[in-house]
Each structure stands twice: as C-alpha cells, then as structure tokens.
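Now for the letters of each chain:
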Amino acid sequence: MSVAFDPDYALQPMRGPAPRRCEAHDGATLEFRHWPAEGPRRGVLLVLHEAAAATAEGLEDYDVVLLDRQGMRGRKRETADFIRDLQTLTQHLARTDGIAAEETVVIGEEIGALLAAAWVHDYAPPLRALILAAPAFAPRGALPAALGGYASELQADLRETAARIHADAAAIRVPTQLLIDTEAPAGARTRQHRFYCALGTGTKERRLVPARRRPLLAAEAVRAEIARFVETAAARPEPRTPLIEADRYGPAREEADRLASPLPAASLDGLRWAAARAGVAIGSRLSAGMRLGRKAGFDSGAVLDYVYRDRATGLGPLGRVIDRTFLDAIGWRGIRQRRRHLEAMLADALLRLADEGRPRHVLDIAAGHGRYVLGMPAEALALADSVLLRDYCPDNVAAGRRLIAEAGLEDRARFDEGDAFDAESLAAIAPGPTLAIVSGLYELYDANAPIRASLGGLARAVPPGGYLVYTNQPWHPQLEFIARALRSHRGGAAWVMRRRSQAEMDALVAEAGFEKLDQRIDRWGIFTVSLARRRTA
C-alpha cells in the first residue's frame, strides 16, 4: 500500500466537548472526550491517540471516544493499572451512555496499541475490532508524558507485558488490523509480523506503512484503510469460533501436550530437568513449604494454605532462606494477589446482594482450607446469612472446620465434604447459594467436560440474579518448570497445566447461564478473578 501523508496534518488535541471524567480503580482520574455520531450511531471508536479527529474521518456515523490521559500525572502506577483503565472506561461508558463492547472499535498506536492488545488478551472484551498501529513490543527510549511524570520507571514493566502479549497472541480473538511502519528497525517489524501470524482471530489483516518520522495515524491513506476495515467488521462480524472444545485442539492444547511428553533422559533438556527435580528434593529437606509440596502435591489445598500464610519456616536459618525463596516465586506471589482480588470481589458481591435486599448465602465448592473466605474483612463476612464450604479432601475439611471454630463462626458457617464436579450434588444444595465461588480449581484440570458439568450444577443451584466468582490462569511464566519439576496432588503425577485463555473461561461460564460483570488480574497477567451474574432463564 502506498501512503501519502497529509502535509497540513498536525497532531493537535481535538476540539469539541469538554473533558469528562471517571475514577480509576486506584483513585486516579481518567479524562476522556466523547463526540456523538452524525445521525444514528453505527458504532463507537475508542481512540488511544490525540489524532482522534483525523482517525474518525470517513466514519462520521460512529461515536468517537478519546482517552485524553491514562491516569493522573505524577501518580505512580504500573502497566497493569493502565490496562485496567480501558476496562474501567468501557464499563463507565456502558453505564452512562449505553455503549456496548460489541459495538466498540479500539484504535491505538505504539504504547497505546500495546496496552490495547494487552487489554484484549487479559480481559477478553467482545470488541467489534482492534486497530493496532506499530504496537511497541520492544518499548525503548522516553515514554509519552501522558503515561505520567515517572514514565521512565515503567520501561521494565512495559517490556515484561510486551513479551507476554507477544508470546500469547493466539489468545487474541478480536478482528484485528495491524499497521506496520516500514521505516521502523528490522527487529521491531519482525516482532510485529510474528505477532500477526500468531493472532487467534480468523479476521485479520496487516498493512505496511512508510511512516518515516510521522505517526502512522497521520497518513490519509491509513485513515482510509482504517475506515474500510471498520466498515468490514461492522458489515460482516466474525463468527465467534466456539471455545468450548479448546481443550481438544489449539495452541494451549499443543503446549500442554508438549509439557506432558517425557524428555530423553540423556538429552541436555532431560539432564537439566533431572537436576531441577533433584534440587527440589534437596530443598524439601530444609524448606517446610517444599516438603509439604512433595508430600501433598504442590497444587494441594494444604500448600495453598501455606502460601497464603506466607511465613517462611524450615530447618535452621538456611531452611528459612530456602523457604522464603520458595514462597516468593512469582506464581505464589500471584496466588496471594489472587486472594486479595478474591476478597475484594466477594465483598463487592455481598454488598450488591445487600443493596438488592436479597438473601446472602455463600457457597465455595472447592474451598481448600477456606482461608480466603473465612479471612475476609469482618464487615464483609458479617453480611453473609450463611456460609457453606466444601472440599473433596477430608484433611482439608478438618482444617477448615478448625478455622471456623477459631473464628467463632459455627452459627453461620459449616464445612462439608463434597465433589465439585458432581452436578447433581451441587444442584441439590439448599438453601440455593446467591454467591457461589470457584477458586483455583478449574485451572488444575485440562478437560472442559467436567468443568461444564460443574458449572451446569452451579447454574441450577444459583437462582437468577445470584452471583458467581470464578478464577482463571491465562498465563504463567514458569509453566515448564512446574510441569517438569513439581508433583501434583493426583498420585504424585507431574503437575502439567493447560492454560485457558480468558475468552475460553468466560465462554464456559456464559454457556452455563452466567453474564460476566467484572474482572481483576495481577500485574504479571497470571491469575484472574471474575464476577458473573446468573441470567434469567
């Protein structure tokens, strides 16, 4: 595609309506502008670039929303905060302007394009289309001032996010147009081409643009290409490929199969992972946490409870040092952040039920020791009319009952033995739970059939308007170490996990009859916590 730049074009802030504001999750102020469409609205352009007026040329029947500034200048924030800003803004627009994600096209350039791609990967919004202009998969140099006065501190964080999104592009299933700057360094162009090839959407196109020193969105021909792609996405929406059978085929299935395949003992990889297993065995003699993992399985409820307590213990000072290293592994840090997100989401759901004047019966179908439910802030836990915790493991049930007694909650809470995958057992629970919890369970099983059965049983138990809090693991940087060196609770077998994209997990929940409302994710992109409401039949 030959591109001629408009010589009169200038990157000036858009004129028009006064800025509007909404509050971010951390108290930062998000400023945005909103231009209504000329005539009946056919869609919405959410633009992460100050060239929004020019970008919208040829799409006058679309609303334009420009995110002026992501966060409050001078406030120290992480990349995950800027990504979550996009979720916050779209939720705000849905409440105040009736703008649905399904009618929204997101347009971003460089850092903005990276953040947009990360948002789609991490939160799986059902957007109409995604336009990425020269996404910065290798952020370098000074960052835009719009990211805050401390922008230089974000470099490492942005690079980690860029590497994660680039490596897992297959999880992005929104129709995507990629604009590549032919004047960019060869390495940057190669990363963008590889990202394009790995995208999980069946509707995608790339255009090569000689940008020279001008932003890609400044080119008149680029704007025409964007308008054409947006119109195509509106006229021929991409069929949503069913994700219910993603456990049988696709990149995540292939990844899990590779990790489950034994390595030749005499190969370099075989020797390397044999050494890693030996290191775990030696460490378990000194570290209490590693010893518990070797005995009960590193994915067991007992280990999870130990990680939640986060107190290093072991044989002597060296054992405590090794145990602290074990507890500070990035996966366990993510687990503890997941607990904080869980507690916040559970409190939010209980407040919603209280505001609606509905009963507040809490059910956790695989509670482990139940620490994250019983350890909620007292004011939130006090809102619950009843709490039923279940687990298949008698040891977990006994430990959970002790926690209930220690907390003095015998009048409202009980712990029973039960199978989280027994649909009939779940459906028969009385009183019907108005807040159901599934945390850290489905991630341990690669097949979708038992999960569909479990969610189906919960859908029969939870009345319309009730809530479901569920977790997922769309990413993990230590997946191979876990599979090659650690044992699971299932007979000491290797702990091999098949990652589920957030889109796949949300699809399973939606199939069961729940509508997703909100989500949290840790800064490393490992664990998500989501809130859904039971739809009316």
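Here we summarise the structure given alongside this text. Predicted model only: the values in this text are computed from it and were never measured.

1. Some thoughts on the packing of aromatic side chains
Counted according to the given criterion, the structure contains seven aromatic pairs. Considering the side-chain rings of Phe-137 and Phe-195, the 4.6 Å spacing of their centres and the 45° angle between planes classify their relative orientation as tilted. Here the residue Phe-137 occupies a position in the loop between strand 6 (129–133) and helix 4 (155–167), and Phe-195 occupies one in helix 5 (residues 186–198), the gap between them amounting to 58 residues. Taken as a pair, Phe-137 and Phe-195 share a single burial class, namely buried. Taken together, the ring pairs in this structure connect Phe-298, Phe-326 and Trp-332 into an aromatic cluster. One Lys or Arg, Lys-204, reaches over the ring of Tyr-196 and ends 5.0 Å from the middle of that ring. The lysine or arginine in question, Arg-338, covers the ring of Phe-527, its NZ or CZ lying 5.0 Å from the ring centre.

2. With respect to the sheet that holds strand 14 (residues 514–521)
Strand order in the open sheet formed by seven strands is 11-10-9-12-13-15-14, with mixed pairing between adjacent strands. Either end of the sheet is taken by a strand with one partner, and the two such strands are strand 11 (413–417) and strand 14. Ignoring strand direction, the axes of neighbouring strands in this sheet form an average angle of 20°. Pairing geometry for strand 12 (residues 435–438) and strand 13 (residues 467–472), over four bridges, is parallel. If you follow Ile-437 over to strand 13, its bridge partner there is Val-469. Packed onto the sheet, helix 19 (residues 502–512) meets strand 13, strand 14 and strand 15 (528–534) and runs at close to 155° relative to strand 13.

3. A closer look at the pattern of salt bridges
As a working rule, side chains carrying opposite charge can pair if their charged atoms are close by. Tallied over the full model, the rule gives 39 salt bridges. Note that Arg-523 is salt-bridged to Asp-157, the shortest N-O span being 3.6 Å. Of this pair, Arg-523 sits in the loop between strand 14 and strand 15 while Asp-157 is found in helix 4, placing the two residues 366 residues apart along the sequence. The exposure class assigned to Asp-157 is buried, which follows from its relative accessible area of 8%. Residue Arg-228 is joined to Glu-205 by a salt bridge in which the shortest nitrogen-to-oxygen separation is 2.5 Å. Of this pair, Arg-228 sits in helix 6 (residues 220–235) while Glu-205 sits in strand 8 (residues 204–209), placing them 23 residues apart in sequence. Looking at Glu-205, the relative accessible area reads 13%, which means it is buried.

4. Here we look at the packing of helix 2 (residues 79–97) against helix 3 (residues 111–123)
Between helix 2 and helix 3, whose axes approach to 9 Å, the crossing angle comes to 75°. Classified by the angle between their axes, helix 2 and helix 3 sit roughly perpendicular to one another. Contacts between helix 2 and helix 3 involve Thr-79, Phe-82, Ile-83, Arg-84, Leu-86, Gln-87 and Thr-90 on the former and, on the latter, Leu-115, Ala-116, Ala-118, Trp-119, Asp-122 and Tyr-123. Tallied by class, the residues present in the contact of helix 2 with helix 3 amount to eight nonpolar, three polar and two charged.

5. What to know about unusual backbone geometry
The step from Ala-430 to Pro-431 runs through a cis peptide bond, and the omega angle for that step is 0°. As for its placement among the helices and strands, Pro-431 is situated in the loop between helix 16 (423–427) and strand 12. Positive phi, close to 45°, is recorded for Ala-134, a residue that is not glycine. With respect to the helices and strands, the residue Ala-134 is situated in the loop between strand 6 and helix 4. Here Ala-134 falls in the buried class, since its relative accessible area comes to 12%.

6. Some words on the nonpolar core
If you look at the biggest cluster of nonpolar residues, it comprises 53 residues, and the most contacted ones within it are Val-373, Val-387, Leu-435, Val-469 and Trp-495. At nine residues, the largest contribution of residues to this core is made by helix 12 (residues 330–355). Leaving out residues up to four positions away in the same chain, Trp-495 has contacts with Phe-298, Asp-299, Trp-332, Leu-444, Ile-482, Ala-483, Leu-486, Arg-487 and Ser-488. Among the nonpolar cores identified, the runner-up in size contains 45 residues, and Ala-28, Phe-32, Leu-130 and Val-174 belong to it.

7. A closer look at helix 17 (residues 449–461)
For helix 17, with 13 residues, the first-to-last C-alpha span of 19 Å sits near the 18 Å given by 1.5 Å per residue. Regarding helix 17, the residues found buried are Ile-451, Ser-454, Leu-455, Gly-457, Leu-458, Ala-459 and Ala-461.

8. Some points on the side chain of Arg-77
Inspection of the secondary structure puts Arg-77 in the loop between strand 4 (62–69) and helix 2. A relative accessible area of 3% places Arg-77 in the buried class. Reaching out from Arg-77, the side chain makes a polar contact with the side chain of Asp-26 at a distance of 2.8 Å. Only 2.7 Å separates the side chain of Arg-77 from the side chain of Asp-85, close enough to count as a polar contact.

9. Let's talk about the side chain of Arg-500
Here Arg-500 shows up in the loop between helix 18 (479–485) and helix 19. The exposure class of Arg-500 is buried, given its relative accessible area of 1%. Within the structure, Arg-500 has its side chain in polar contact with the side chain of Asn-448 (distance 2.9 Å). For Arg-500, the contacting residues outside a window of four places in its chain are Tyr-442, Glu-443, Tyr-445, Asp-446, Ala-447, Asn-448, Ile-451, Asn-472, Gln-473, Pro-474, Met-505 and Leu-508.

Analysis parameters
- Residues numbered from 1 in each chain as written.
- Predicted model: local features only at pLDDT ≥ 70, side-chain atom pairs only at ≥ 80, totals over all residues.
- Heavy atoms only, no water.
- Phe/Tyr/Trp six-rings, centres within 6.5 Å; stacked < 30°, edge-to-face > 60°.
- Helix = DSSP H or I, 4+ residues; strand = E, 2+ residues; numbered from the N terminus.
- Buried < 20%, exposed > 50% of the residue type's maximum accessible area, 1.4 Å probe, protein only.
- Lys NZ or Arg CZ within 6 Å of the ring centre and 35° of its normal.
- Pairing = 2+ DSSP bridges.
- Axes fitted to C-alpha atoms, helices over the stretch in contact; angles between N-to-C directions.
- Contact = heavy atoms within 4.5 Å.
- Salt bridge = Lys/Arg side-chain N within 4 Å of Asp/Glu carboxyl O.
- Parallel < 35°, antiparallel > 145°, perpendicular 65-115°, else oblique.
- Nonpolar A, V, L, I, M, F, W, Y, C, P; charged D, E, K, R; others polar.
- Core = buried A, V, L, I, M, F, W, Y, C linked by side-chain atoms within 4.5 Å.
- Expected span 1.5 Å × (residues − 1).
- Polar contact = N/O pair within 3.5 Å; in protein donor to acceptor, adjacent residues only side chain to side chain.

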